[in-house]
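Fold and geometry: a report
Residues per chain, in single letters:
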Amino acid sequence: MMDSLTQNTLSMQFNPWHTVSYGDISGDLVNGIIEIPKGSRAKYELNKETGLLMLDRVLYSSVYYPANYGFIPQTYCDDGDPLDILILSQIEIQPLCMVPAKIIGVMRMLDQGEADDKLIAVCANDMSVAHINDIGELPAHFLAEVRQFFEEYKVLEKKVVKIEEFQGAKLAKKIFQHAVNDYNEKIRPTLDL
């Protein structure tokens, strides 16, 4: 039987947050790790210690994730989590799948008054969306659906989410690069990989 120190060391060696590359620092091609497939009501979240997915909760509201949702490895944000990413594709992508994606924009969001940006990207290997280069190319109705989902998904939990605005690829890539820098400064020095 392994002691807890050995278990923690092993889980850190295989933790997708820490051991998978974020991709290209330019943001032209990043690696997204899917936590929640499009169309799900399950809120899966990476357990930061073990690297496993855990069921955080079933959404309280009768709403479904409008796109595949996850995080970019080796990034860190002020909310204490890796940077969130929505990856558009014509298919539902399985949890813990690594997806090469092209960043096309960002949804600026406040969750309980705290910044919680969501990058928006397209699956690089899905030709139905890979041609999209900026959020302005997406249908306005789709963006309205994304906004409505995030404004509503925590209402029955009595939590306040405010969508500030959608911004293009240029700002989104800067947010990504900042999250990589924050990871390198705040998280990497604490790891024993």
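Okay, so let's go over this structure.

Rules of the game
- Counting restarts for each chain, with residues numbered from 1 along the sequence as it is written.
- With the structure being a predicted model, the display of local features is reserved for residues of pLDDT at least 70 and the display and counting of side-chain atom pairs for 80 or more, all residues being used for whole-chain, interface and lining totals.
- For side-chain calculations, the full set of non-hydrogen atoms in the structure is used, while hydrogens and water are omitted.
- Working definition: helices are DSSP H or I runs of at least four residues, strands are E runs of at least two. Numbering for both runs from the N terminus.
- Take the number of residues in a helix, subtract one, and multiply by 1.5 Å to get its expected span.
- Under the scheme applied here, a residue whose accessible area is under 20% of the maximum for its type counts as buried, over 50% as exposed, and between as partly exposed, the area being computed with a 1.4 Å probe on protein chains only.
- Picture the helix axis, draw a direction to every C-beta atom, and the arc is the one those directions span.
- In what follows, residue pairs with any heavy atoms lying within 4.5 Å of each other are defined as contacts.
- In the analysis that follows, any N or O atom pair within 3.5 Å is treated as a polar contact, provided that within protein one partner can donate a hydrogen and the other can accept it, and provided that, for residues neighboring in sequence, both atoms belong to side chains.
- Take the buried residues of types Ala, Val, Leu, Ile, Met, Phe, Trp, Tyr and Cys, join any two whose side-chain atoms come within 4.5 Å, and each joined set is a nonpolar core.
- At least two DSSP bridges between two strands are required for those strands to pair.

**A short note on helix 3 (residues 140-152)**
Residue pairs spaced three or four apart in an α-helix point in one direction, given the helix's 3.6 residues per turn. When the terminal C-alpha atoms of helix 3 are compared, their 18 Å separation across 13 residues agrees well with the 18 Å that a helix rising 1.5 Å per residue should span. Among all positions of helix 3, only Phe142, Leu143, Val146, Phe149 and Phe150 are buried. An end-on view of helix 3 places all buried positions within 120 degrees of arc, on one side of the element. Facing away from the buried side of helix 3 by more than 90 degrees, the exposed set consists of Ala140 and His141. Buried-residue contacts for helix 3 involve strand 4 (68-72), strand 5 (83-88), strand 6 (98-111), strand 8 (118-123) and strand 9 (161-168).

**Looking at the side chain of Gln74**
With respect to the secondary-structure elements, Gln74 resides in the loop between strand 4 and strand 5. Take Gln74: its relative accessible area is 11%, and that puts it in the buried class. Within the local environment of Gln74, its side chain forms a polar contact with the backbone oxygen of His18, the two atoms lying 3.3 Å apart. If we ignore the near neighbours within four places in the chain, the residues touching Gln74 are Trp17, His18, Thr19, Val20, Ser21, Tyr22, Ala179, Val180, Tyr183 and Arg188.

**Focus on the nonpolar core**
Counting 26 residues, the largest nonpolar core has Met107, Ile120, Leu138, Phe150 and Tyr153 as the members making the most contacts within it. Contributions of two or more residues to this core are made by strand 5, strand 6, strand 8, helix 3 and strand 9. For this core, the element with the most residues is helix 3, which contributes five residues. Discounting residues that sit within four places of it in the chain, Phe150 has contacts with Tyr69, Leu86, Met107, Met109, Lys118, Val161 and Ile163. Within the second largest apolar cluster, 21 residues are counted, among which are Cys77, Leu119, Ile175 and Phe176.

**Focus on the pairing of strand 2 (residues 42-46)**
Of the strand pairs in this sheet, strand 2 and strand 3 (residues 53-58) are connected by five bridges, and their pairing is antiparallel. Note that in strand 3 the partner of Ala42 across the bridge is Val58. Adjacent in sequence and paired antiparallel, strand 2 and strand 3 are bridged by six residues, among which Gly51 carries a positive phi angle near 85 degrees.

Keep in mind these numbers describe shape, not what the thing actually does.
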